[in-house]
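Survey of secondary and tertiary structure
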Amino acid sequence: MFEKSTWIKLPRNVVVGHGVLDDLGAVIDDLAVAGRPLVVTSPTPNRLVGDRVRTQLGADPATVTVASAGFDAVERVVETARAEEVTYLVGLGGGKPIDTAKMAADRLGLGLVSVPTAASHDGIVSGRSSIPEGDTRHSVAADPPLAVVADTEVIAAGPWELTTAGCADIVSNYTAVEDWQLAYRLQDVPYSEYAGALSRMTAELLVENAGSIKEGLEESAWVVMKALVSSGVAMSIAGSSRPASGAEHLFSHRLDRIAPDRALHGHQVGVGAIIVAYLHEGERGMWRDIRDALSVIGAPTTGAELGFDDETVIEALTTAHRIRDRYTILGDGISEAAAREAVTVTGVIG
Ligand SMILES: NC(=O)C1=CN([C@@H]2O[C@H](COP(=O)(O)OP(=O)(O)OC[C@H]3O[C@@H](n4cnc5c(N)ncnc54)[C@H](O)[C@@H]3O)[C@@H](O)[C@H]2O)C=CC1
Ligand SMILES: O=C(CO)COP(=O)(O)O
Ligand SMILES: [Zn+2]
């Protein structure tokens, strides 16, 4: 008897475009969420558009500002939401406040509206929350946002490096899918053809259009935001972050442990993808295509551009497998000699 079942959770409204921040009130009316909201944000996005967002929300919105992601930040949001007796959450900013709000909303059983101010990562739409804790990182299942309102005018006015980080997070889907397929072959990890194909296609489309992703063009924010939505949907179909997170993400999470906030998530996973593509396929593999695509976009391709010295890059690569129980090309860990060879051949160090 066939007994398999799946539950794919997706946002109901995804609104992307010029000036759509002013449609936030209408989006919320359409969702039929009522009552008092809590805006979960970080200092810069709050300063930039916090008031504009609160004006749209009416009903005396409360605000909590989180400086970094973590279970303590989630706890603070949960406590504030209870104390202020709010009925839904609005995540406003980059990946950290949105992930924090997503997990807090899940804990509280409340709906979340995601308002990204940067096209910097693909958690904008996903049903995952990525939360660091001690030496590890949890990719926690959480309901995806009920709606996403991404204003390309706001995003395009932000630092260009945030958009190149989003591009690199998408480019890293190549190696994430490679790792997922490897884990399927070697460890019988469940693999979804649809999620894998969608994730890979998203990366291919972005790389094909890399030449048209240019600083100062609002259309670039549009192209990247669409790709981030597509990648988030792949994660929702898979019911895991596997389509968008393999060994290149383990490497990045490890760098975060060594030096939090030194470089952007997307930039770290992009450099990780160059190394991991080399580990999968060797000298003739597609690591050069990945490096060239990142370079055209203007994303970092070396450890030094990320702000890490050579030995730190090697340390992160040789210890990345310990971040979480996720089988990748790193297996139970690679030797220092293999790591040094990979980062030297690919030009990530030296
Ligand atoms: N849940 C998921 O599926 C995923 C989660 N993530 C998580 O997202 C996080 C990374 O997100 P980021 O956005 O890189 O970090 P972030 O939220 O710290 O934002 C980076 C910086 O950009 C600033 N910023 C945001 N919008 C701005 C604007 N319009 N103008 C000027 N500055 C602006 C912020 O103030 C912050 O200083 C990581 O913790 C990562 O694990 C990443 C991918 C997927
Ligand atoms: O960053 C992500 C996908 O781009 C989320 O992945 P993690 O599960 O590794 O946090
Ligand atoms: Zn990522």
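Where an unreviewed UniProt entry is consulted, the protein appears under the name Glycerol-1-phosphate dehydrogenase [NAD(P)+], with the organism given as Haloplanus ruber. One UniProt comment on the protein, placed under Subcellular location (unreviewed entry), says "Cytoplasm". Here the protein is described in UniProt, under the heading Sequence similarities (unreviewed entry), as follows: "Belongs to the glycerol-1-phosphate dehydrogenase family."

Further remarks concern the coordination of the zinc ion (ligand 3). Ideal donor angles around a metal are set by the shape: a four-donor tetrahedron calls for 109.5 degrees, a six-donor octahedron for 90 or 180 degrees. At this site the zinc ion (ligand 3) is bound by D169 (OD), H249 (NE2) and H265 (NE2), with donor distances of 2.1 to 2.2 Å. Read in sequence order, the donor residues for the zinc ion (ligand 3) give the motif D-x79-H-x15-H. A residue pair is termed long-range when its members are at least 10 positions apart, and H249 in helix α10 (residues 247-258) and H265 in helix α11 (residues 265-281) qualify at 16 residues.

On to the site of ligand 2, then. Around ligand 2, the surrounding shell consists of D122, S130, S139, D169, M235, S241, A244, S245, H249, H253, H265 and R324. With respect to ligand 2, the side chain of D122 contributes an N or O atom lying 2.6 Å from an oxygen atom. Within the side chain of S241, one N or O atom sits 2.6 Å away from an oxygen atom of ligand 2. With the chains in place, 94% of the 300 Å² that ligand 2 exposes on its own is no longer accessible. Taken together, the residues of the shell around ligand 2 sort by class into two nonpolar, seven polar and three charged.

Further remarks concern the UniProt feature "binding site: NAD(+)" (unreviewed entry) in the protein. Feature annotation in UniProt places "binding site: NAD(+)" (unreviewed entry) on G95, K96, P97, I98, D99, T117, A118, A119, S120 and S126, given in this structure's numbering. Mapped onto the elements of the fold, I98 is located in helix α4 (residues 95-108). On the basis of relative accessible area, I98 is assigned to the buried category, the value being 0%. When neighbours within four sequence positions are excluded, I98 is seen to be in contact with G91, L92, G93, L112, S114, V115, P116 and G123. Looking at where D99 falls in the secondary structure, it is placed in helix α4. The contacts of D99, once residues within four sequence positions are left out, are R128, S129, S130 and I131.

Once that is clear, we can look at empty space enclosed by the protein. Gaps between atoms show up when a probe of the same size as a water molecule is rolled over them. Evaluation of the coordinates by the stated rule reveals one cavity of 30 Å³ or more. A volume near 40 Å³ is recorded for the largest cavity. In this structure, the largest cavity is lined by Y174, T175, E178, A277, H280, E281 and M286. Looking at the lining of the largest cavity, the elements that each hand over two or more residues are α7 (173-187) and α11. Counted by class, the lining of the largest cavity contains three nonpolar, two polar and two charged residues.

Okay, the site of ligand 1 next. Taken together, the neighbourhood of ligand 1 is formed by 28 residues, with G95, T117, S120, S126 and R128 sitting nearest. For ligand 1, an oxygen atom lies 2.9 Å from a polar atom in the backbone of K96. Take T117: an N or O atom from its side chain is 2.7 Å from a nitrogen atom of ligand 1. With the chains in place, 86% of the 870 Å² that ligand 1 exposes on its own is no longer accessible. Counting only elements with at least two residues in the shell around ligand 1, the list comes to α2 (43-57), α4, β6 (128-133) and α6 (160-171). In terms of residue count, α4 provides more of the shell around ligand 1 than any other element does, five residues in total. Considered class by class, the residues forming the shell around ligand 1 number eight nonpolar, 13 polar and seven charged.

Conventions adopted
- Residues numbered from 1 in each chain as written.
- Chains lettered and ligands numbered in written order.
- Predicted model: local features only at pLDDT ≥ 70, side-chain atom pairs only at ≥ 80, totals over all residues.
- Heavy atoms only, no water.
- UniProt positions renumbered as here; feature names shortened; annotations may be inferred.
- Donors = N, O, S within 2.8 Å, 3.2 Å for Na, K, Ca; no water.
- Helix = DSSP H or I, 4+ residues; strand = E, 2+ residues; numbered from the N terminus.
- Near = heavy atom within 4 Å.
- Polar contact = N/O pair within 3.5 Å; in protein donor to acceptor, adjacent residues only side chain to side chain.
- Areas by Shrake-Rupley, 256 points an atom, 1.4 Å probe, with all protein chains shown as cover.
- Nonpolar A, V, L, I, M, F, W, Y, C, P; charged D, E, K, R; others polar.
- Buried < 20%, exposed > 50% of the residue type's maximum accessible area, 1.4 Å probe, protein only.
- Contact = heavy atoms within 4.5 Å.
- 1 Å grid on protein atoms, 1.4 Å probe; cavity = no way out; pocket = protein on both sides within 12 Å on 5 of 7 lines; lining within 4 Å.
- Points joined across faces, edges and corners; volume = space filled by probe spheres on them.

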